[in-house]
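# Topology and contacts: notes
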Amino acid sequence: MINVTKTYLPPLNEFQGYVEGIWERNQLTNNGPLVKELEEKLKEFLGVKHCLFVSNGTIAIQIALKILNVTKEVITTPFSYCATSHSIVWENCTPVFADISPIDFCIDPKKVEALITPNTQAILATHVYGNPCAVDELAQIAQKHNIKLIYDAAHCFGVQVNGTSIFNYGDISTCSFHSTKVFHTTEGGAIFTDNDDYAYLIDRYRSFGHMGDNYLTIGINGKNSEFHAAMGLCVLPKVSDIIVARKSIFEIYDRLLNWDKLIKPTVTLPTVSNYAYYPVFLKSEEILLQVREALESKNIFPRRYFYPSLSTLKFLVETSNCPISDDYSPRALALPLYYDLAHSDVELICQIINRTI
Ligand SMILES: *Cc1c(COP(=O)(O)O)cnc(C)c1O
């Protein structure tokens, strides 16, 4: 069976080595030595100033909104995983969907600017499939209108833009370390910022607002455990090889798929990619369903990603005007891509797709 992704598991004895240390110290959580070690190693590996390890990529977004005092309208993308807009609503803010660009499938800065009102307090943009948003235009808009800029960079571990980590963009950038992502800690996530005050607040907020014996403020339980940190410490030394392996698969798809009948996102900025996903857009939803059926009959399971367009979810917004997202989302299919997917299987997937479209 071939799934859209497969979690990289490190050699069991490497994980066990860390577990023995946990047993010796008898400290399982609350910002223990493995969490601190992972944060230090991530800062160095990524080239970021602050990295705060949290329990998942969703709480990371929620904490970002909270510490930036965002309580009203947030302009966001309809073409993302649901966690992006669910976090906004969970924080009692109002999502306002700005349509995407049909080139990179990230939020379109022109549409963002047109939606700014006196109630707009933040932009929450997703670097879709790990491909960077129009980071310079979005920064200009945020600065001009004095609003915060948050990136859901859940897909972006290891991605660089203009020679620096993509996590260095925005007031705050978040990542997911879920098992389906390029780098993982089983469950987990991180919040990145270069602002010392924000980092201090994030650190407090993820631990119930504790400040020694007392409390600074309300907080949440967004901490992560020594076991999760141990998994991260085992995966981190392998992640560069994992990305190289993904790249070689990516290149086979690029070479063999029939581009007369398929569309893929275009990366517009100077980017070092992490090859996180291999999305294609079919000509119609009907063809997508045919392709999926043909693949599934051979035990190959791609994933409709991102689908549905978040702008169509009535519990998020009553109405929105996102024709591009609404048009492309039902035609988006992420193809299998993981570190040890056999090249012959990739060739087979390409044959099945080309035959069906
Ligand atoms: C995976 C993902 C999230 C959520 O991360 P979790 O760690 O699963 O909570 C948020 N946004 C995007 C774009 C994602 O792909």
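Residues numbered from 1 in each chain as written. Predicted model: local features only at pLDDT ≥ 70, side-chain atom pairs only at ≥ 80, totals over all residues. Heavy atoms only, no water.

## Let's talk about the overall build of the protein
Threshold: Helix and strand definitions follow DSSP, with helices as H or I runs of at least four residues and strands as E runs of at least two, each counted in order from the N terminus. Here the globule rule is a power law, 2.2 Å times the number of residues to the power 0.38, and the radius of gyration is based on C-alpha atoms. Buried means the residue's accessible area, taken with a 1.4 Å probe over protein chains only, is under 20% of the maximum for its type, while exposed means over 50%, and partly exposed covers the values in between. Note on contacts: a residue pair qualifies if any of its non-hydrogen atoms lie within 4.5 Å across the two residues. We get accessible surface area from the Shrake-Rupley algorithm with a probe of 1.4 Å; when it comes to residues, only the shown protein chains can shield them. We count Lys and Arg on the positive side and Asp and Glu on the negative side, and we leave His and both chain ends out. The atoms used to mark charge sites are NZ of Lys, CZ of Arg, CG of Asp and CD of Glu.
A tally of regular secondary structure across the protein gives 12 helices and 16 strands. Expected size for 357 residues packed as a compact globule is a radius of gyration near 21 Å; at 20 Å, the protein falls within 12% of this value. Seen through its principal axes, the protein has C-alpha atoms that stretch 65 × 55 × 35 Å. Taking all 357 residues of the protein together, 54% fall into the buried category. Sequence separation of at least 24 residues holds for 69% of the intrachain contacts in the protein that already meet a minimum separation of 6. Accessible surface, the protein: about 15,600 Å² in total, of which carbon and sulfur atoms supply 51%. Of the side-chain charges in the protein, 30 are positive and 38 negative, and the distance between the mean point of each set is 3 Å.

## Observations concerning the site of the ligand
So the rule is basically this: Consider each residue's heavy atoms; a residue with any of them within 4 Å of a molecule or strand counts as near. In protein, a polar contact means a hydrogen-donor-capable atom and an acceptor-capable atom, both N or O and within 3.5 Å, with residues adjacent in sequence counting only if both atoms are side-chain atoms; elsewhere, any N or O pair within 3.5 Å suffices. In this classification, Asp, Glu, Lys and Arg are treated as charged, Ala, Val, Leu, Ile, Met, Phe, Trp, Tyr, Cys and Pro as nonpolar, and every other residue, Gly included, as polar.
Around the ligand sit 16 residues, and of these Thr-58, Asp-152, His-155, Ser-176 and Lys-181 come closest. Within the contact set of the ligand, an oxygen atom lies 2.7 Å away from a backbone nitrogen or oxygen of Gly-57. At 2.7 Å, a side-chain N or O of Ser-176 approaches an oxygen atom of the ligand. Counted by class, the shell around the ligand contains 4 nonpolar, 10 polar and 2 charged residues.

## Some details on the packing of aromatic side chains
This is how the line gets drawn: The rule is short: rings of Phe, Tyr and Trp, with Trp giving its six-membered ring, pair when the centres are within 6.5 Å, and they are stacked under 30 degrees, edge-to-face over 60, tilted in between.
Under the criterion given, the structure shown has 22 aromatic pairs. Considering the side-chain rings of Tyr-8 and Tyr-339, the 5.3 Å spacing of their centres and the 80 degrees angle between planes classify their relative orientation as edge-to-face. On the criterion of sequence distance, the pair formed by Tyr-8 in the loop between strand E1 (2–3) and helix H1 (12–25) and Tyr-339 in the loop between strand E16 (332–335) and helix H12 (343–356) is long-range, its members being 331 residues apart. Each ring, one from Phe-167 and one from Phe-192, has its centre 4.1 Å from the other, and the planes form 5 degrees; the classification is stacked. With a gap of 25 residues between them, Phe-167 in the loop between strand E8 (164–165) and strand E9 (172–176) and Phe-192 in strand E10 (residues 189–193) connect regions that are remote in the sequence.

## Details of helix H10 (residues 285–296)
The condition that has to hold: Take the residue count of a helix, subtract one, and multiply by 1.5 Å to get its expected span. Note: the arc covers the axis-to-C-beta directions of the helix.
Over its 12 residues, H10 runs 16 Å from end to end, which matches the ideal 16 Å to within 8%, given 1.5 Å per residue. Buried within H10 we find Leu-288, Val-291 and Leu-295. Down the axis of H10, the sector holding all buried residues measures 65 degrees, keeping them to one side. Opposite the buried face of H10, by more than 90 degrees, sit the exposed residues Glu-286 and Glu-293.

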